[in-house]
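# Fold and geometry: a report
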Amino acid sequence: MKKILLFLFVFKISIATLFSQNIELNLKSFYGVWNNELSGYYYGGGEIEILYEQPLLSGALRTGLAFRSVDWGNQASINIGYKTAFIVRDKWMLNGTTTAGIGMALFYKNPQYIWSLGFMPELTWLRKKRMDFNIGIGFRYTSNPAYKNYGAINQLFEFPLKLGIIYKLKQTS
Amino acid sequence: MIYAIGFIEINYFHITAFARLLKPIITKHPKLIIKMSATLKTLISLFILGLFSCSYLPETKSEHPNLIIKETAEYIILSTISTDNSQSGIMFYPGGLVDPHAYIKPLEKFALEDNRTVLILKVASNLAILNSKKASTTTNKIANVDRWILGGHSLGGSTACIDIFNNQDAFEGLFLLASYSTKELADIQIPIISITASHDNVLDLGSLNENKVNLPEALMIDSPELLPNESTIGKTIYYNIEGGNHGQFGNYGAQKGDGDATITTDMQHLLVFDMLRKFLTINDL
C-alpha cells in the first residue's frame, strides 16, 4: 500500500513537472547551528538547485535537482516541494516552500543515501516580466545515516539563505 | 534495496508515460521543448559536476583505544591523554577529493607515539584549494598549542604552500606528501621536507621537478638516518619512498590512475612517520 501511495505521489509530481510553468535556479548558502556532535555556528557550504514549478489551484508543486557542498563532501539530491503563498501584492509575494530531498553523498565505491527536510519562507519580486527574483531564509535538517561509519557528524541542522531566479515558461498574469 | 527497486519501478512507469506524452507535446509546443532542452543541458552539467566530485572514503577506521578523536564541522583533532602541547602540533590539508577521515590512520602515530596534537582540516567539497586560508585561520582556535607545522597531501600540499606563502609567520615547518609548491617559497626560513613515492603515477613528475625552484635548495636523502643532525632551514629535504604509491599516503584504497605499490599501506605510513619524526626532532619542533 505504501509503495502504491509513493508511486502515485511521485507520478503525480512528475506529470505536473512535465507541464511546469516555471524554471527556477537557486543558489543557497548554508549556515549551520547544530550537528549531532555539537551546537554552534559553522559554515555549512553552498548549493546550486534547478527545479520546475507547476502552479496548482492552491500553491505550486516543484521538483528539481540540487548539487551541494556539505560536511561529508558533495551530494546530489532530488528535491520535491510544495509552495504556498502567504501574502500576495502587486509587486511582491511572500510565500513558503516545504521541501523534502533524497539523494546521494558522492563517494567512489560506496555512495551513501542522504535525505533532508526543510522549510523556507521566500520573498518574490514580481516584475511582470519573464523573470522574477526571490530571496529566502529557512531551515533544513539533513541526514546521511551511513556516514556514521566514517565520521562523527552525519546529521545537520542549518539555516539556508537563498537567491533565486524564476524563469516563466509561459507568461502568466 | 526495496527503495532502490521501488525507485526503478517508478522510473520505468515514468519513462513509458512520458514517451506517450512527448509526441503531442512536441507537436503542439515546440518552443517549450527548446526551453526545456536548455534546462536539460543544465541538469546534465550538474550530473557531470556530480560525477567529477566523488570523494574517496577511508578503507578502515582507526580504533586505537588510546586515541582521542574530536570532530567539529571545521576539523578533526587527534590526541591522547599524554599529549604534550609544548611540542609543535601538526596541521594537515587532505588531498583533493579525499575524505579527511582517510588521514586519521596515517597521522595517528604522531598523536599516539610522538604525543603531538594532530589537526586534519575539513575543506569545502573535499577540495583544499577552496579553503586555502583555513590552516592559518585555525591556529588561534586551538588554545593550548602554540606552535604548528603544516602539511598536506597532493592538492592539499600545494594548498599548504599557498597558505604559508600568504601567512609566513603562522607555521614553523612544512611537509609535503606527493606534492609541490606553485608559490615562491625559496627564501622562506622554515624547515621543509617533501616526500614522494616511486610508484606514484598520479603526481606529475614534470610539474614536481619544474616547481622545485619554488622551494629552498634541494637535499636528497634515502633514509631518516641520512638527515643532517642540525636544523635544515634553508634546505628542502627530498625523500622518495621505494615501492610506495600516491594513494597509500592516505588510507583510502586504490586511486584511479595510480601505480601498484610493492609495499603495504601500513609500511608506507610507517616510513613517512619515521622520516617526519626525525625531521621534526632535528629541527627542534
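Bear in mind the structure is a predicted one, so any value in this text is a computation, not a measurement. (Residues numbered from 1 in each chain as written. Chains lettered and ligands numbered in written order. Predicted model: local features only at pLDDT ≥ 70, side-chain atom pairs only at ≥ 80, totals over all residues.)

## Here's the deal with the overall build of chain B
A count of helices and strands for chain B gives seven helices and nine strands. Within chain B, the fraction of its 285 residues that count as buried is 41%. Sequence-distant contacts, at least 24 apart, represent 70% of the contacts inside chain B between residues at least 6 apart. (Helix = DSSP H or I, 4+ residues; strand = E, 2+ residues; numbered from the N terminus. Buried ≥ 20, exposed ≤ 12 C-beta atoms within 10 Å, placed from the backbone. Contact = placed C-beta atoms within 7 Å.)

## Notes on unusual backbone geometry
Peptide bonds are mostly trans, and most non-glycine residues show a negative phi. Residues and elements named next belong to chain B. In this structure, Asn-115 takes a positive phi of about 55° despite not being glycine. Counting through the fold element by element, Asn-115 comes out in the loop between α3 (104-112) and β4 (118-121). Exposure remark for Asn-115: the 16 C-beta atoms within 10 Å place this residue in the partly exposed category. Positive phi outside glycine occurs at Ser-125, with the angle close to 55°. Mapping Ser-125 onto the fold places it in the loop between β4 and α4 (134-138).

## Points about the environment of Leu174(B)
All names here are of chain B. Within the secondary structure, Leu-174 is located in strand β6 (residues 174-177). Between the C-alpha atoms of Leu-174 and Ala-254, which are 80 residues apart in sequence, the distance is 26 Å. Discounting chain neighbours no more than four positions away, the residues touching Leu-174 are Leu-150, Gly-151, Ala-160, Ile-164, Ile-190 and Ile-192.

## A few points about α3(B)
Of all nine residues that make up α3(B), eight are buried, and the element is covered over most of its length. Listed as buried for α3(B) are Ile104(B), Lys105(B), Pro106(B), Leu107(B), Glu108(B), Lys109(B), Phe110(B) and Ala111(B).

## What to know about the pairing of strand β3 (residues 89-93) of chain B
Residues and elements named next belong to chain B. Most of β3 is tucked away, with five of its five residues classed as buried. Of the two faces of β3, the one carrying Gly-89, Met-91 and Tyr-93 and the one carrying Ile-90 and Phe-92 are both buried. The sheet contact formed by β3 and strand β5 (residues 148-153) spans five bridges and is parallel. Paired with Ile-90 across the strands is Ile-149, a residue of β5. Of the pairings in the sheet, the one linking β3 to β4 comprises three bridges and is parallel in character. Pairing of Ile-90 across the sheet is with Val-118, part of β4. (Pairing = 2+ DSSP bridges.)

## Describing helix α5 (residues 155-166) of chain B
All names here are of chain B. The terminal C-alpha atoms of α5 lie 17 Å apart, and with twelve residues this matches the ideal 16 Å at 1.5 Å per residue to within 8%. The buried fraction of α5 amounts to ten of the twelve residues, a majority that puts the element mostly inside the structure. Buried residues of α5: Leu-155, Gly-156, Gly-157, Ser-158, Thr-159, Ala-160, Cys-161, Ile-162, Asp-163 and Ile-164, and no others. At its buried positions, α5 is contacted by β3, α4, β5 and β6. (Expected span 1.5 Å × (residues − 1).)

## A word on the confidence of the model for chain B
Residues and elements named next belong to chain B. Confidence in the prediction of chain B, expressed as mean pLDDT, is 88, and 82% of residues score 70 or more. Predicted confidence for residues 1-18 stays below pLDDT 50, and this span has nine contacts to residues more than four positions away or in other chains. On the interface metric, ipTM, the complex scores 0.84, and its pTM is 0.85. (pLDDT = per-residue confidence, 0-100.)

## Quick notes on the sheet that holds β3(B)
All names here are of chain B. A sheet is described by the order of its strands in space; here nine strands give the open sequence β1-β2-β4-β3-β5-β6-β7-β9-β8, paired in mixed fashion. This sheet does not close on itself; its edge strands, each paired only once, are β1 (68-71) and β8 (217-221). Across the sheet, the mean angle from the axis of one strand to that of its neighbour is 20°, orientation sign disregarded. Strand contacts of α3: β1, β2 (75-79), β3 and β4, with the helix running at about 40° to β2, the strand carrying the most contacts. The sheet contacts of α5 involve β3, β5 and β6, and relative to β5 the element is tilted by about 145°. (Axes fitted to C-alpha atoms, helices over the stretch in contact; angles between N-to-C directions.)

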